[in-house]
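Architecture at a glance
If you want the building blocks of each chain, they are given just below.
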Amino acid sequence: MRLNVLKSKEKENAMAFDPATLFASAKTAYDIAKGISALNTDVERNQAVSKILEVLLSVQNDALLMKEKHSLFLTEIDNLKKKISEFEKWSEIESQYDLKEIAAGVFVYAYKKTDKAIEPSHWLCAKCFNTDKKKSIFQRFSHNSHGVHYKCHTCGSEIVDHSNPKHYPTPPSPGGFF
Ligand SMILES: [Zn+2]
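Residues numbered from 1 in each chain as written. Predicted model: local features only at pLDDT ≥ 70, side-chain atom pairs only at ≥ 80, totals over all residues.

Quick look at the confidence of the model for the protein
Per-chain confidence: the protein averages 87 in pLDDT, with 88% of residues scoring 70 or above. Confidence scores differ between elements of the protein, with helix 1 (residues 2–16) showing the lowest mean pLDDT of 67 and strand 3 (residues 123–124) the highest of 98. In this model residues 172–178 is a low-confidence stretch, pLDDT under 50, and it forms three contacts with partners more than four residues away in sequence or in other chains. (pLDDT = per-residue confidence, 0-100. Helix = DSSP H or I, 4+ residues; strand = E, 2+ residues; numbered from the N terminus. Contact = placed C-beta atoms within 7 Å.)

Right, here's the structure in full:
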């Protein structure tokens, strides 16, 4: 937990870092170095050298932050590319289906019958389609006097196509058949 907080703080620092700081520090070190020969005493020269070392240390720190920022950008670009690719794939799938009311109050996404259709007719679960952007086919699992029952094996949703209940008789009584 503490590590996560630390990491997010480091990330914040890296993202807030302005590369101009690094160049300004490097220029300061350069200016001090240039002026050293004009200094008269060893004390002044020593002070200048230690100032240069101090500035170089901050330049090194800034360079590390810049590297961190660069790698964060690369990760972010990678994540965005993945999201775009997922979005494009889903848009393609989405375009192959139409929302359809198969019986009063029972909605599914039905596979469009077009020239490009390569799959057999089927219905997709509306919950998985809308909420999870997932293609999950309704499977028929039983029928009774209410109609045909279908189930989505991804989210567990069940629907009953009650548009033509008479067509589906009640399950057979012992010894009977239908
Ligand atoms: Zn589902």
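Thoughts on unusual backbone geometry
Leave glycine aside and you will find that most residues have negative phi; peptide bonds, for their part, are mostly trans. The residue Lys-133 is not glycine, and still its phi comes out positive at about 50°. The residue Lys-133 is located in the loop between helix 4 (126–131) and strand 4 (138–144) in this model.

What about the sheet that holds strand 3?
Read across the sheet, three strands follow the order 1-2-3 without closing on themselves; strand pairing throughout is antiparallel. Of all the strands in the sheet, just strand 1 (97–103) and strand 3 have a single pairing partner and so form its edges. Sheet topology note: the strand 2 (residues 106–111)/strand 3 ladder contains two bridges and is antiparallel. Residue pairing in the sheet places Ala-110 in a bridge with Trp-123 of strand 3. (Pairing = 2+ DSSP bridges.)

Section: the pairing of strand 1
With six bridges joining them, strand 1 and strand 2 adopt antiparallel strand pairing. When the bridges of strand 2 are listed, Ala-103 appears paired with Val-106. Here strand 1 folds back onto strand 2 in antiparallel fashion, the turn holding two residues, of which Gly-105 has a positive phi close to 80°.

Details of the environment of Leu-57
Looking at the element boundaries, Leu-57 is found in helix 3 (residues 42–94). Given 12 C-beta atoms within 10 Å, Leu-57 falls into the exposed group. (Buried ≥ 20, exposed ≤ 12 C-beta atoms within 10 Å, placed from the backbone.)

What about the sheet that holds strand 5 (residues 147–152)?
The antiparallel open sheet is built from three strands, whose spatial order is 4-5-6. Single-partner strands in this sheet number two, and they are strand 4 and strand 6 (158–161). The sheet shows a mean angle of 30° between the axes of neighbouring strands, direction not considered. Summarising the sheet, strand 4 and strand 5 pair through six bridges and their orientation is antiparallel. Counterpart to Arg-140 in the pairing with strand 5 is Tyr-150. (Axes fitted to C-alpha atoms, helices over the stretch in contact; angles between N-to-C directions.)

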